[in-house]
Amino acid sequence: MEPAWRQQGRGRGRGHNSQGERSQPSQRQSERPGPNLAPAGVWAGGRGVQSKVVTAASPAPEAESKLSAPQAISVQSKFEEIRKSNQAAAQRLVESHYSSSSSDDDDNDVDHVKDGKKGKILASTFTTYTDQMGGDVTGLVRTGQYVSDLFQSGALTCLICIASVKRTQAVWSCSSCFSLFHLPCIQKWARDSVFLVSSVTDEDFGKKQHPWPCPKCRAEYSPSATPHRYLCYCGKVQDPPADPWLVPHSCGQVCQKQLKPNCGHACLLLCHPGPCPPCPKMVSVSCMCLKAKPLPRRCSNKEWSCRQQCGKLLPCRQHMCTKPCHKECSPCPKVSAQPCVCGREKTERPCASPQWNCQQLCGAILSCGNHTCEVKCHSGVCPPCPRSVSRCCPCGKTKSSLPCTEEVQLCGDTCDRRLSCGKHTCSMRCHRGSCETCRQEVEKECRCGKYRKLMPCHKEYLCDSKCPKTRSCGRHQCRRKCCPGNCPPCDQSCGRTLGCRNHKCPSVCHQGSCYPCPEMVDVRCPCGSAVLAVPCGRERNTKPPRCKEPCRTPPSCHHPTREPHRCHPGPCAPCRQPCLLTLPGCSHTCPNPCHDLVLVKSQQVQLAGPWEQPSEPAFVKKALPCPPCQVPIPTACFGEHEVSPVPCHRQGQFSCKRPCGRPLTCSNHSCSKECHLISDGNKKCEVCEKACSKPRPPGCPHPCSRRCHPGDCQPCGQMIRQRCHCKISMVYVECMKLTSADKETKVMLTSCNNQCPKELTCGHRCKQMCHPGVCEEKCQQKVKLRCPCKRIKKEFSCSLSSQCDVQCDDICRDQQRKVSQLKEAEQRAAQEEEQKKLQEELEAFEKRQQRGGRRNKKRGRREEVEDEQARAGRWWRWCAALVLVPLGGAVLSAAAFYLVTKT
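The rules we used
- Counting starts from 1 at the beginning of each chain's written sequence and moves along it residue by residue.
- Totals for whole chains, interfaces and linings use every residue, but because this is a predicted model, local features are given only for residues with pLDDT of at least 70 and side-chain atom pairs only at 80 or more, for both listing and counting.
- Calculated side-chain values reflect all of the structure's heavy atoms, with hydrogen atoms and water omitted.
- Secondary structure elements follow DSSP: runs of H or I of four or more residues count as helices, runs of E of two or more count as strands, with numbering from the N terminus.
- Per-residue accessibility, obtained with a 1.4 Å probe over protein chains only, is compared with the maximum for each type, and a residue is labelled buried under 20%, exposed over 50%, and partly exposed between these values.
- Any two residues whose heavy atoms approach within 4.5 Å are treated as being in contact.
- The accessible surface values rely on the Shrake-Rupley method and a 1.4 Å probe; as for residues, cover is taken only from the protein chains in view.
- Criterion for a salt bridge: a side-chain nitrogen of Lys or Arg within 4 Å of a carboxyl oxygen of Asp or Glu.
- To estimate how far a helix should extend, the number of its residues minus one is multiplied by 1.5 Å.
- Patch members must show over 30% relative accessible area and no salt bridge, and they are joined within 9 Å when carrying like charges or within 5 Å when they are nonpolar side chains of Val, Leu, Ile, Met, Phe, Trp or Tyr.
- By the counting rule applied here, Lys and Arg register as positive and Asp and Glu as negative, while His and the ends of each chain are not counted.
- Each charge is placed at NZ for Lys, CZ for Arg, CG for Asp and CD for Glu.
- Buried Ala, Val, Leu, Ile, Met, Phe, Trp, Tyr and Cys residues that are joined via side-chain atoms within 4.5 Å together make up what is termed a nonpolar core.
- Pairing of aromatic rings covers Phe, Tyr and the six-membered ring of Trp, with a centre-to-centre limit of 6.5 Å; geometry is then stacked below 30 degrees between planes, edge-to-face above 60, and tilted otherwise.
- Pairing between two strands requires that DSSP report at least two bridges joining them.
- Confidence scores labelled pLDDT are given residue by residue by the predictor and lie between 0 and 100.
- By definition, disulfides here are pairs of cysteine sulfur atoms that lie within 2.5 Å.

**Q** Describe the overall build of the protein, listing the residues and the values that go with them.
**A** The helix and strand inventory of the protein stands at 16 helices and 24 strands. For the protein, with 903 residues in total, the buried portion stands at 29%. For the protein, the share of sequence-separated contacts (at least 6 apart) that also reach a separation of at least 24 residues comes to 29%. Taken as a whole, the protein presents about 60,500 Å² of accessible surface, with 53% of it coming from carbon and sulfur.

**Q** Give me the pattern of salt bridges: which residues, what numbers.
**A** What the rule picks out here adds up to 15 salt bridges. Residue Glu 303 is joined to Lys 327 by a salt bridge in which the shortest nitrogen-to-oxygen separation is 2.9 Å. You can see Glu 303 sitting in the loop between strand E8 (295-298) and strand E9 (335-339) and its partner Lys 327 sitting in the loop between E8 and E9, a full 24 residues away along the chain. Overall, Glu 303 belongs to the partly exposed group, its relative accessible area being 44%. In this structure, Glu 539 and Arg 540 form a salt bridge, with 4.0 Å as the shortest nitrogen-oxygen distance. Under the relative-accessibility criterion, Glu 539 is labelled partly exposed at 22%. With a relative accessible area of 49%, Arg 540 lands in the partly exposed category. Several salt bridges converge on common partners, so that one network encompasses Lys 397, Asp 413 and Asp 416.

**Q** I'd like to hear about helix H15 (residues 810-850), residue by residue, with values.
**A** Taking 1.5 Å of rise per residue, 41 residues should cover 60 Å, and H15 covers 61 Å from first to last C-alpha, within 8% of that figure. Listed as buried for H15 are Cys 812, Gln 815, Ala 830 and Lys 837.

**Q** Let's hear about a positive patch on the surface: which residues, and what values?
**A** A surface patch of like charges, here positive, comprises Arg 721, Arg 723, Lys 727 and Lys 758. Locating Arg 721 in the fold gives a position in strand E21 (residues 719-723).

**Q** Can you break down a nonpolar patch on the surface residue by residue, with the values?
**A** A surface patch of nonpolar side chains, amounting to about 610 Å² of accessible area, comprises Trp 878, Leu 882, Val 883, Leu 884, Leu 887 and Val 891. Relative to the assigned elements, Val 891 resides in helix H16 (residues 857-902).

**Q** Report on the nonpolar core, specifying residues and quantitative values.
**A** One recurring pattern in soluble globular proteins is that nonpolar side chains are buried together. Ile 160, Trp 172, Phe 181, Ile 186, Trp 212 and Tyr 221 are the most contacted members of the largest nonpolar core, which totals 34 residues. Put simply, the parts of the chain that give this core at least two residues each are strand E3 (171-173), strand E4 (180-182) and helix H12 (183-201). Among the elements that make up this core, the one with the highest residue count is H12 (five residues). Filtering out sequence-adjacent residues up to four positions away, Tyr 221 remains in contact with Trp 172, Cys 174, Ser 175, Ser 176, Pro 211, Trp 212 and Cys 214. Grouped together as the second largest cluster of nonpolar side chains are 11 residues, Ile 720, Cys 726, Val 731 and Cys 752 included.

**Q** So what's going on with unusual backbone geometry? Residues and values would help.
**A** With an omega dihedral of 0 degrees, the bond running from Lys 260 to Pro 261 counts as a cis peptide bond. Assignment of secondary structure puts Pro 261 in the loop between strand E6 (220-221) and strand E7 (282-285). Non-glycine residue Gln 359 carries a positive phi angle of around 70 degrees. Structurally, Gln 359 is set in the loop between strand E10 (346-350) and strand E11 (391-392).

**Q** Tell me about the packing of aromatic side chains, and name the residues and values.
**A** Counting across every chain of the model gives five aromatic pairs. Taken together, a centroid distance of 5.0 Å and an interplanar angle of 25 degrees make the contact between Trp 212 and Tyr 221 stacked. Each residue in the set Trp 172, Phe 181, Trp 212 and Tyr 221 is aromatic and connected to the rest through ring pairs, giving one cluster.

**Q** Account for the pairing of strand E14 (residues 452-456), with residues named and values stated.
**A** Sheet topology places strand E13 (residues 441-445) next to E14; five bridges connect them, and they run antiparallel. Note that in E14 the partner of Lys 444 across the bridge is Lys 453. Linking E13 back to E14 in an antiparallel pair, the connection comprises six residues, with Gly 449 at a positive phi of about 85 degrees.

**Q** I'd love a proper account of the environment of Pro 240, names of residues and values included.
**A** Within the secondary structure layout, Pro 240 lies in the loop between E6 and E7. Taking the C-alpha atoms as reference points, Pro 240 and Ala 170, 70 residues apart in sequence, are found 9.1 Å from one another. Excluding anything up to four places from it in sequence, Pro 240 contacts Tyr 230, Leu 231, Cys 232, His 249 and Ser 250.

**Q** Give a detailed account of the confidence of the model for the protein, specifying residues and quantitative values.
**A** Caution applies to low-pLDDT parts of the model: their predicted coordinates are not meant to be read in detail. Put simply, the protein has an average pLDDT of 77, and 82% of its residues get 70 or more. Low pLDDT (under 50) marks residues 1-70, which in the prediction has 67 contacts with non-local residues, meaning those over four places away or in another chain. Segment residues 97-114 is flagged for pLDDT under 50; beyond a separation of four residues in sequence, or across chains, it makes 29 contacts in the model.

**Q** Tell me about the side chain of Lys 837, and name the residues and values.
**A** Looking at the element boundaries, Lys 837 is found in helix H15. Of the side chains bearing the opposite charge, Glu 833 lies closest to the buried Lys 837, which forms no salt bridge; the N-O distance is 4.0 Å. With sequence-adjacent residues up to four places away left out, Lys 837 is seen in contact with Gly 873, Arg 874 and Arg 877.

**Q** I'd love a proper account of the environment of Cys 798, names of residues and values included.
**A** Residue position: Cys 798 is located in the loop between strand E24 (793-797) and H15. Judged by its relative accessible area of 9%, Cys 798 falls in the buried class. Linking Cys 798 and Gln 781, residues 17 residues apart in sequence, is a C-alpha distance of 5.4 Å. Setting aside residues no more than four positions away along its own chain, Cys 798 makes contact with Cys 762, His 764, Cys 779, Gln 781 and Val 783.

**Q** Could you give an account of the state of the cysteines, naming the residues involved and the relevant values?
**A** On inspection of all chains with the given rule, the structure shows zero disulfides. Cysteine Cys 467 is unpaired, with the sulfur of Cys 487 as its nearest cysteine sulfur at 3.6 Å. The exposure class assigned to Cys 467 is buried, which follows from its relative accessible area of 8%. No disulfide involves Cys 514; its sulfur sits 3.6 Å from that of Cys 494, the nearest cysteine. Take Cys 514: its relative accessible area is 21%, and that puts it in the partly exposed class.

As structure tokens, this is what we get:
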């Protein structure tokens, strides 16, 4: 894969066929030396001149042969100009890339520095150190970690400004802990540290040179060691340029620092961060006790033991060292009787500390012969007598040489020794002991200069006024009594919470923001094998480092071990191993995945009312029981109809859901129950409870009253209740008689022996006894027939009445003619009366019209009433003419017909 600075330039100023043209360079371009050739990234970032470059650099062979000399020179000059511009664009692209933010670095790392490749590169770099090392490799591990962190964007952080250290920024590396800091940050740190220490400890501020500490390891540096230049790690090159193929901030030269511990060899790695690794050179060295022959060993691990007994005489000068070959013998561990320094006492003491004092006074006579030594148990000669030297009086004015047995006499002069106040002298005579306190009264001014007062000389005058000024921290008042104005720096602790939110500022109260937390916190993987040191406060947002060790979390289920997987943060995944626990009631094991800890939805608490909001369902880990055993076992059903596999947890005979099929005691049916079990005492099924289903004699509708039985059924003795032929009466007949009788007897048995109630079509009742079928239409009853006018009447048989007819005679015709004439006369009279009424109304209307239509109210009302009465009378007359006249005519006709018939 190409680097990121090459990939970013792709597609700028290129045509659709640029890829194909670029994959086929011309012969002239391929033969040109390396410095004149632009790299692939340069071609891609040529500011839209790619098509010109391809055209000029790779012309067709036929076109090239036809070019003249001046044309070839112009083409070559254009190519050189374009090449230079492309190189300049590529250089600007590289510089802008390496001055970009850490996010670009992250992308570059993700694309080109994979974890596996980076590990292989580091492993190959330290091959000479790791091969046959056989010693302490902590320094080598630290160096590798620093190099790895430099290639990871954001892995290194300046502990002062808490910002990522970029590869193009000026940095300074501590020589003790090898932490990287921004150069401006460490310079400000050094100045502030010296200022704070001087303001707290110096009375004459700024006169002394105080050291400043490293922000991380607190290693002290002198003020002259404050960094002022940006140097590479080995210190050879100032302002090292950013090279994408080198470690950031490295000059790329051999380190050549003297290795520690000092063995005379220099570091062979290229300029690198962190401590130099242990010396990898081979030297010929003897063992630590110098008894064995020299062997070739790594210089960093040249001390070796031959495992033979040391045998050296220990410092106690009594015992020999019995430990295996080692470098320096330890103190003697044995105990022996050791005398004190003066030799008066002896006691059991460790051989490693033979010198001890018995705490008794020496008591030996001194050289003067008059006094004894007052020094406690000591060795050597006693000191000389303290009184044997030249002595003077207590005030020091007279000297005398006297024997040590005589006391020096007082001179009697004034003492004149300077008192503790430093201004006055002692006025007493020469005396032994210290002078008394100066008690002279002087006018003293208080320290702040506000008040004056007569005070004893030995006492200091301090007024009670408190200083209201604010101290240098800007937060607290001085509040010192009688302050002269030089308020001391604030001695209270800052105590503000740092940005890490874990610690408080330990510095003295100060202005401005606190320095970042200097603590480093180890972020470990769950097993603790992989460690990543991050500034305090970042551990909450930092993911644990990747660990290649297997997960050591003990299993939470019944399995002895978990499924093998790598160390990881957070809880382990649920166990997916087969359960394999022995199931209860059988010898099989559970084949399902482990179910010791399964997330189960907890039961919701019942709400007290509508004001409570339902909570989200909670899930708890719960052990579920093993499911029933599902191993199939061949088993026969109760009725032995089939043999089927049955799950082990339901082992035993089962019902196949088929009918039983065994013959019942009735010998007519088989058992219709579902397949069931039969006990040993009863080999057959239950007694048949069904009704008898044998066929009955023809015509018998009654089933057998007995239960299902063997043999023939008994004759039916039930009474049949049915209606007679005429459907009026109920007839009770014994079923056996009815079914065994012939046709005529059955008709007699089912007849009620009464007259048939049915009517014939003529309307008369049937004269036969109760019979089946349709009645005969031969009615013999006498009926009377009349003529059309109802005057003549004759009797005939009902069956012959349809064939006979009675006609009217002349008398009947005369009566009908008279009646018709009477009706016509009545109608004419009614019409004449109606015409008369209409004529009267017309005459009345004409009279009203002639009077002009004027009439008084009373007359008009009277006329209206008369009109209404006349109208009502006309209506009644009209009804009488239409109703009463025809009715009267009919009555008259009937009377006339009656009279005629009587005559």
